[in-house]
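Fold and contact review
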Amino acid sequence: MRYISTRGDQTARRFCEILLEGLAPDGGLYLPVSYPTVERATLRQWRQLSYADLAFEILSLYIDDIPPEDLKTLCHKTYTADVFGTEAIVPVRRLAGDLHIEALSNGPTLAFKDMAMQLLGNLFEYELARRGEILNILGATSGDTGSAAEYAMRGKKGVRVFMTSPKGRMSPFQQAQMFSLLDENIHNIAIEGVFDDCQDIVKAVSNDLAFKSKHRIGTVNSINWARLLAQVVYYFAGYLQATTDDDQRVSFTVPSGNFGNVCAGHVARMMGLPIDQLVVATNENNVLDEFFRTGIYRVRASAETYETSSPSMDISKASNFERFIYDLLGRDGARVEALFQDAINQGGQFDLSDTPEFKAAAARYGFVSGTSTHADRLATIRDVFNRHGEMIDTHTADGVKVARAHVKSGTPMLVLETALPIKFAETIVEATGQEPPRPAKFEGIEALPKRVLNMPADVKQVKAYIEANT
Ligand SMILES: *Cc1c(COP(=O)(O)O)cnc(C)c1O
């Protein structure tokens, strides 16, 4: 398998060449030259497999520059009951009728990002050792991504993490989760400022090309193809749990922000997994819902990006969306470049409402969408708690709210559970009057010793710290 860019660069790269990269050199995103298809007979055989073996089968279709025995070892090392809480790794449970929840949030940081990040940690360690290189990951986080990256990279050889976060602005639980990591290769830097200040520092350091290459600075952002690929696996795993024979179809509802999670569902569907609908659920920041309803993709300015009670979906621009547009437009890189480079980067929008491609999109690709608000979120959390005795997190609640509008009788609808309620306890208490359950391994984490360095929002000081610690 080879990989090309969504903006027209046809240079065919192998998996390990793009593993440690962000964007393609032309500013596009990497995609495989074509999607391998999975026949029904193969799907049937896969019903027998453990999650780790299923992951190995799917990854093998996309990775041919890691020896199979090594790839298998990496999959088995990653997807264990010990790390993810159950043998099923992503257990599906019925909520009511055709509505199901697929649990993706029982990994180390209790959010679905662990599903991909844990594999990425092992892939990075493997590839860096093979090359005899090291990588210093620099990131900015307001919560989920940073902790998932740290828990994936802790103790890994050849990798260090420098994670900036806005001082005092993450929830006490999130701070405890990150700052209680005492591993030598994990560096928490609390910046006196807001999330944007952290992101500006990361950008400034990355734009200093000499510094970047001297100190081998990299990132782990959501456009990384390996992350997306790891996520494809749980669409197959969910399908296989919710069906008994291979002619059945299922739908998925995906709480969405950067379009990374649901884009993996798109890839699974392109591979032939019998998916009926891919339901994109957004919060008040409904850039994606607007597109799927109208054909207009309108990036929002910061002032128009709301802080909501499902904060991991608070995005103004969906960084993975370009991958779907590339497929939608028949893989025309020049057209994609014109839309994203010219229209979007100049703060604008694009309008595909009159194109035949957009008009055929729902039928051809299965995408539909919906928006959920704070009031919807509270009502859904309360309703699920009262009727089914379960607590769901705020993002998952957005999913359930939107899923209910699209569920078809007889077709299982799997809502992806993207976080556990304990991470967003305040809103759960607001909705139900009760504290969400806390998994045993997080009992008392607020009292653990912390390792975090406070720093003003000053690029020079961050650079000096990296310099002194690499
Ligand atoms: C990151 C995240 C999302 C959004 O996922 P995308 O891949 O960005 O669409 C949804 N819910 C939670 C809890 C998250 O952490």
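Look up: the structure comes first, before these words.
Let me begin by describing the structure that accompanies this report.

So, about the pattern of salt bridges. A full pass over the atoms with the stated rule returns 33 salt bridges. One salt bridge connects Arg298 with Glu290, and the closest N-O pair in it is separated by 3.2 Å. Owing to a relative accessible area of 25%, Arg298 belongs among the partly exposed residues under this scheme.

A regular strand places its side chains so that they alternate between the two faces of the sheet. Among the 6 residues of strand β5 (residues 135-140), 5 are classified as buried, and the element is accordingly described as predominantly covered. Since β5 and strand β6 (residues 159-166) lie parallel, the crossover through helix α7 (residues 144-153) that links them has a hand, and here it is right-handed. Sheet topology places β5 next to strand β8 (residues 217-218); 2 bridges connect them, and they run parallel. The partner of Asn136 across the bridge, within β8, is Ile217.

This paragraph deals with the site of the ligand. Residues in close proximity to the ligand total 15 residues, the closest being Lys113, Asp144, Gly257, Asn258 and Asn261. Within the backbone of Asn258, a nitrogen or oxygen atom sits 2.7 Å from an oxygen atom of the ligand. Here the ligand has 390 Å² of accessible area as a free molecule, and 97% of this is covered by the chains. When its residues are assigned to classes, the shell around the ligand shows 5 nonpolar, 8 polar and 2 charged.

There is about 330 Å³ of room inside the second largest pocket. Contributing to the lining of the second largest pocket are 19 residues, with Pro108, Gln118, Tyr151, Arg154 and Leu181 lying nearest its centre. Of the residues contributing to the lining of the second largest pocket, the split by class is 9 nonpolar, 5 polar and 5 charged.

This paragraph deals with the nonpolar core. Counting residues in hydrophobic clusters, the biggest one holds 114 residues, and the most contacted among them are Phe124, Phe236, Phe259, Phe291, Phe321, Ile325 and Phe350. Per-element accounting of this core gives the leading share, 14 residues, to helix α11 (residues 225-242). Once residues lying within four places of it in the same chain are set aside, the contact partners of Phe321 are Asn258, Phe259, Leu288, Phe291, Phe292, Tyr297, Phe340 and Phe350. Core analysis: the next-biggest nonpolar cluster, separate from the first, contains 19 residues, Ile101, Ile381, Phe385 and Val400 among them.

Enumeration over the complete set of coordinates arrives at 27 aromatic pairs. Ring centres 5.0 Å apart and planes at 75 degrees place the aromatic pair Phe291 and Phe321 in the edge-to-face group. On the criterion of sequence distance, the pair formed by Phe291 in helix α13 (residues 287-294) and Phe321 in helix α14 (residues 321-328) is long-range, its members being 30 residues apart. Taken as a pair, Phe291 and Phe321 share a single burial class, namely buried. Counting every residue linked through ring pairs, the aromatic cluster contains Phe259, Phe291, Phe292, Tyr297, Phe321, Phe324, Phe340, Phe350, Phe358, Tyr365 and Phe367. Its guanidinium or amino end placed over the ring of Phe211, Lys463 lies 5.4 Å from that ring's centre, counting from NZ or CZ.

The rules we used
Residues numbered from 1 in each chain as written. Predicted model: local features only at pLDDT ≥ 70, side-chain atom pairs only at ≥ 80, totals over all residues. Heavy atoms only, no water. Salt bridge = Lys/Arg side-chain N within 4 Å of Asp/Glu carboxyl O. Buried < 20%, exposed > 50% of the residue type's maximum accessible area, 1.4 Å probe, protein only. Helix = DSSP H or I, 4+ residues; strand = E, 2+ residues; numbered from the N terminus. Right-handed = clockwise from strand over helix to strand, strands pointing away. Pairing = 2+ DSSP bridges. Near = heavy atom within 4 Å. Polar contact = N/O pair within 3.5 Å; in protein donor to acceptor, adjacent residues only side chain to side chain. Areas by Shrake-Rupley, 256 points an atom, 1.4 Å probe, with all protein chains shown as cover. Nonpolar A, V, L, I, M, F, W, Y, C, P; charged D, E, K, R; others polar. 1 Å grid on protein atoms, 1.4 Å probe; cavity = no way out; pocket = protein on both sides within 12 Å on 5 of 7 lines; lining within 4 Å. Points joined across faces, edges and corners; volume = space filled by probe spheres on them. Core = buried A, V, L, I, M, F, W, Y, C linked by side-chain atoms within 4.5 Å. Contact = heavy atoms within 4.5 Å. Phe/Tyr/Trp six-rings, centres within 6.5 Å; stacked < 30°, edge-to-face > 60°. Lys NZ or Arg CZ within 6 Å of the ring centre and 35° of its normal.

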